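Analysis of the macromolecular model
Letter by letter, the chains look like this.
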Amino acid sequence: MKLLKNWNLPDLREAGKRTRGAVERVDTFMIPANAVNMGEGKHYWISTYGCQANERDSETLAGILETLGYGQAESPETADVILVNTCAIRENAMDKVLGELGSFKRIYNARPDVIIGVAGCMAQEDEFVKRVLAHYPWVRLLFGTHNIQDLPALLAEAMDSQERVVHIYSRQGEVYENLPVKRFGKHKAWVNIMYGCDKFCTYCIVPYTRGKQRSRRMDDILEEVRQLKEDGYREVTLLGQNVNAYGKDLDEGLDFARLLEKTAQTGIERIRFMTSHPWDFTQEMIDVIARYDNIMPYIHLPLQSGDSDVLRRMGRRYSAEEYKGLFDAIVKRIPNVAVSTDIIVGFPNESDEAFQHTLDMVKACRFDSAFTFIYSPRPGTPAAEMEDPVSMDVKRARLQELNSVWNELALEKMKAYEGRIVQVLVDGPSKRNPGVLSGYTETNKLVNFTGTGVKAGDIVPVYITAAKTFSLDGEMAGPTR
Ligand code: 5AD
Ligand code: SF4
């Protein structure tokens, strides 16, 4: 294959380097002259995989495309630009993306002018990029997590040249403010507070695909929250790979407790945040969460494993006992708090005993919910080099056992809601049953309920009549606000 000189190909090794240099902050968004209005009368389609950070990035991609004049397409079949915003956290994410890219061949054959592009975390991986370049010739544009802001120029280049456009940077990254955004929700919004991650858990690809930790300035974040409130948003979720480390890379002596408190003081109705890392969680943060009614009593606190040796090999920086200590401090200080977690089973060389320790921890903490995964080796990470004699069958059996344990405990937690009145922020009609409304409690429980005169964005008191493992049923119990 001919490698064109102006391609920038990803390099994971380079991406894992960290320097102490200052992060560049860019406050203005510029559209090159040859891209202005390039989308007039045209349409775009964005397909998003992965976490909330990717959802939020897709809102920026959509915002940029609409600034160029593109409208949203009804389907990929009618789009002039198709972007796939990818996730690299586990291997099955890659399989799904490749499947979707394969299905776009048809569209390209029918309309060779269509620009099919790949963005996001997977584009930061050399193996994936090589595969796409070799086997998916209909993908005309590849860019990564560090150059979303260049989309107008990249599209213009893709349209003007018959060559494929590949610009992926492995650099440490900047912070871009004021990029256009098209929010997909009208009442709930994602707010980035930081980018990247410096924790380098040994199984995780994120510090390579998203670069070094870069916190946004607190004033920029607060201004965004105030604006969202003014625009009628009722809930914000502060986003970062490790929100508790917010501010550690700034010179301003700021931390997440202060940011949370300041956000609460904007008066926005509901504040959520994710994801928390136990190592950076302080008592002060717990106190702030407890003190403000508009900070929701819901914490996503990844455990990963309940075994101290596995945790050490994962590079998580806490022992099982330390996790439990933090968990107890949270539960003690924040009444009615709900805690969810992430758990990986089958980390290299996880013994039966180590897995048992994870089950013990789940039983001791009685998590409200858990996102459970089988370990997936990510090329370029230290864990991918570790020996692993444990078979996939054993790992699958462990996952199943873990799921049945936490499901049963979670159902008990849900049952405790029966007969209680909860406040629900309404998303709209339920996906499964349009005659029923759905929304989330302060503790992030999905509620399906019946009621009249209710619209999306209302906060409604709901009397809970029945509990299931993943949702609650109820009836409206008072006026909306
Ligand atoms: N394999 C399996 N699960 C992983 N996660 C992150 N990396 C991997 C991996 N290589 C899980 C962790 C993390 C969540 C977002 O995804 O549990 O908290
Ligand atoms: Fe990955 Fe660990 Fe950073 Fe989370 S804290 S993004 S698991 S490296």
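Because the structure is a prediction, the values reported are computed rather than measured. (Residues numbered from 1 in each chain as written. Chains lettered and ligands numbered in written order. Predicted model: local features only at pLDDT ≥ 70, side-chain atom pairs only at ≥ 80, totals over all residues. Heavy atoms only, no water.)

**Thoughts on the nonpolar core**
- Among the nonpolar cores identified, the biggest contains 73 residues, and Tyr-246, Phe-256 and Ile-330 are the most heavily contacted of them.
- Both domains that furnish three or more residues to this core are identified here as domain 2 (188-296) and domain 3 (303-415).
- Excluding residues within four positions of it along the chain, Tyr-246 makes contact with Ile-193, Met-194, Gln-213, Ser-215, Arg-216, Arg-217, Met-218, Ile-221, Leu-254, Asp-255, Phe-256 and Leu-259.
- By size, the runner-up hydrophobic cluster in this structure holds 35 residues, among which are Ala-73, Ala-93, Met-94 and Val-139. (Core = buried A, V, L, I, M, F, W, Y, C linked by side-chain atoms within 4.5 Å. Buried < 20%, exposed > 50% of the residue type's maximum accessible area, 1.4 Å probe, protein only. Domains from an automatic or database assignment. Contact = heavy atoms within 4.5 Å.)

**A short note on the site of ligand 1**
- Around ligand 1, the structure places Ile-89, Arg-90, Tyr-203, Gln-304, Asp-342, Ile-344, Phe-373, Ile-374, Tyr-375, Ser-376 and Arg-378.
- Gln-304 is positioned with one of its side-chain polar atoms (N or O) 2.7 Å from an oxygen atom of ligand 1.
- About the coverage of ligand 1: the protein hides 86% of its 400 Å² of free accessible area.
- Of all the secondary-structure elements, those providing two or more residues to the shell around ligand 1 are strand 15 (338-345) and strand 16 (369-374).
- Residues that form the shell around ligand 1 fall into these classes: six nonpolar, two polar and three charged. (Near = heavy atom within 4 Å. Polar contact = N/O pair within 3.5 Å; in protein donor to acceptor, adjacent residues only side chain to side chain. Areas by Shrake-Rupley, 256 points an atom, 1.4 Å probe, with all protein chains shown as cover. Helix = DSSP H or I, 4+ residues; strand = E, 2+ residues; numbered from the N terminus. Nonpolar A, V, L, I, M, F, W, Y, C, P; charged D, E, K, R; others polar.)

**A few points about the UniProt feature "domain: MTTase N-terminal" (unreviewed entry) in the protein**
- Per the UniProt record, "domain: MTTase N-terminal" (unreviewed entry) is annotated on residues 42-160.
- Helix makes up 46% of residues 42-160 and strand makes up 21%, while its end C-alpha atoms are separated by 16 Å. (UniProt positions renumbered as here; feature names shortened; annotations may be inferred.)

**Re the pairing of strand 19 (residues 446-450)**
- Bridging between strand 18 (residues 437-440) and strand 19 involves four bridges; their strand directions are antiparallel. What sits directly across from Ser-438, in strand 19, is Asn-448.
- Adjacent in sequence and paired antiparallel, strand 18 and strand 19 are bridged by five residues, among which Asn-444 carries a positive phi angle near 70°.
- Sheet topology note: the strand 19/strand 21 (residues 472-476) ladder contains four bridges and is parallel. Along strand 21, the bridge assignment pairs Val-447 with Leu-472. (Pairing = 2+ DSSP bridges.)

**As for the site of ligand 2**
- Inspection of the region around ligand 2 gives Cys-197, Lys-199, Phe-200, Cys-201, Tyr-203, Cys-204, Val-206, Pro-207, Gln-241, His-277 and Arg-316 as its neighbouring residues.
- Its residues assigned to classes, the shell around ligand 2 shows seven nonpolar, two polar and two charged.

**Quick notes on the UniProt feature "domain: Radical SAM core" (unreviewed entry) in the protein**
- UniProt's feature table lists "domain: Radical SAM core" (unreviewed entry) at residues 183-412, given in the numbering used throughout.
- Along residues 183-412 one finds 40% helix and 16% strand; the C-alpha atoms at either end are 36 Å apart.

**What about the domain arrangement of the protein?**
- Taken domain by domain, the protein comprises domain 1 (12-167), domain 2 (188-296), domain 3 (303-415) and domain 4 (421-476).
- Domain 2 and domain 3 are separated by 24 Å when their C-alpha centres are compared.
- Each partner contributes residues to the interface: domain 2 has 17 residues there, and domain 3 has 23 residues.
- For the domain 2 and domain 3 pair, buried surface summed over both sides reaches about 1800 Å², with 65% attributable to carbon and sulfur atoms.
- Looking at the side of domain 2 facing domain 3, the largest losses of area belong to Thr-202, Tyr-203 and Pro-278, adding up to 40% of the total buried there.
- The tally of links between domain 2 and domain 3 comes to one salt bridge.
- Put simply, Asp-287 and Arg-333 hold a salt bridge, and the shortest N to O gap is 2.9 Å. (Buried area = accessible area lost by both parts, 1.4 Å probe. Salt bridge = Lys/Arg side-chain N within 4 Å of Asp/Glu carboxyl O.)

**What about the sheet that holds strand 16?**
- A sheet is described by the order of its strands in space; here three strands give the open sequence 14-15-16, paired in parallel fashion. Across the chains shown, the open sheet's two edge strands, defined by having one partner strand only, are strand 14 (298-300) and strand 16. For this sheet, the mean inter-axis angle between neighbouring strands, taken without regard to orientation, is 10°.
- Where strand 15 lies against strand 16, six bridges are found, and the strand directions are parallel. The residue of strand 16 that forms the bridge with Asp-342 is Phe-371.
- With respect to the sheet, helix 14 (residues 392-415) is in contact with strand 15 and strand 16, its orientation differing from that of strand 16 by roughly 175°. (Axes fitted to C-alpha atoms, helices over the stretch in contact; angles between N-to-C directions.)

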